[in-house]
Amino acid sequence: MLFRSSSKSYTYTVNFTATDDLGFNLSATKSDVLAGTTAVHTMVYNLGADYKYNPHLSFNFGYNFTDSKIPSAPTGNFQANVLTLSAAFRY
């Protein structure tokens, strides 16, 4: 039995530095995977921000949205949202 798989992915990213202490990023990734006879189409969107409050304290924000579809098995489709907030202290 021969099992074949192939995949294609495209990622587009934009980074913007508003000031020395504040930066933003945005990315979108499209992925198409063919595993045997099953195709999976996925889109992933990311949004992030980094803020350096002072030399010792910084904050990070991130949002990720994933939308995955399997045309041959719609019950396997899913969407996911992830929100991340973090702080870092350095001395």
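Placed above this text is the structure.
Residues numbered from 1 in each chain as written. Predicted model: local features only at pLDDT ≥ 70, side-chain atom pairs only at ≥ 80, totals over all residues. Heavy atoms only, no water.

S.K.: Just to check I follow, could you spell out the overall build of the chain for this structure?
M.R.: A tally of regular secondary structure across the chain gives zero helices and five strands. Going residue by residue from the N terminus, the α and β elements of the chain occur as β-β-β-β-β. Taken over the C-alpha trace, the chain has a radius of gyration of 18 Å; the compact-globule value for 91 residues is 12 Å, which it surpasses by more than 25%. Principal-axis analysis of the C-alpha atoms gives the chain an extent of 60 × 20 × 20 Å. Counting the 91 residues in the chain, one finds 19% classified as buried. Long-range contacts, defined as pairs at least 24 residues apart, comprise 37% of the intrachain contacts of the chain with a sequence gap of at least 6. Looking at the chain as shown, the accessible area adds up to about 7000 Å², and 61% of this sits on carbon and sulfur atoms. Here the chain contributes 6 positive and 5 negative side-chain charges, whose respective centroids are spaced 13 Å apart. (Helix = DSSP H or I, 4+ residues; strand = E, 2+ residues; numbered from the N terminus. Rg over C-alpha atoms; globule rule 2.2 N^0.38 Å. Buried < 20%, exposed > 50% of the residue type's maximum accessible area, 1.4 Å probe, protein only. Contact = heavy atoms within 4.5 Å. Areas by Shrake-Rupley, 256 points an atom, 1.4 Å probe, with all protein chains shown as cover. Lys, Arg positive; Asp, Glu negative; His and termini not counted. Charge placed at Lys NZ, Arg CZ, Asp CG, Glu CD.)

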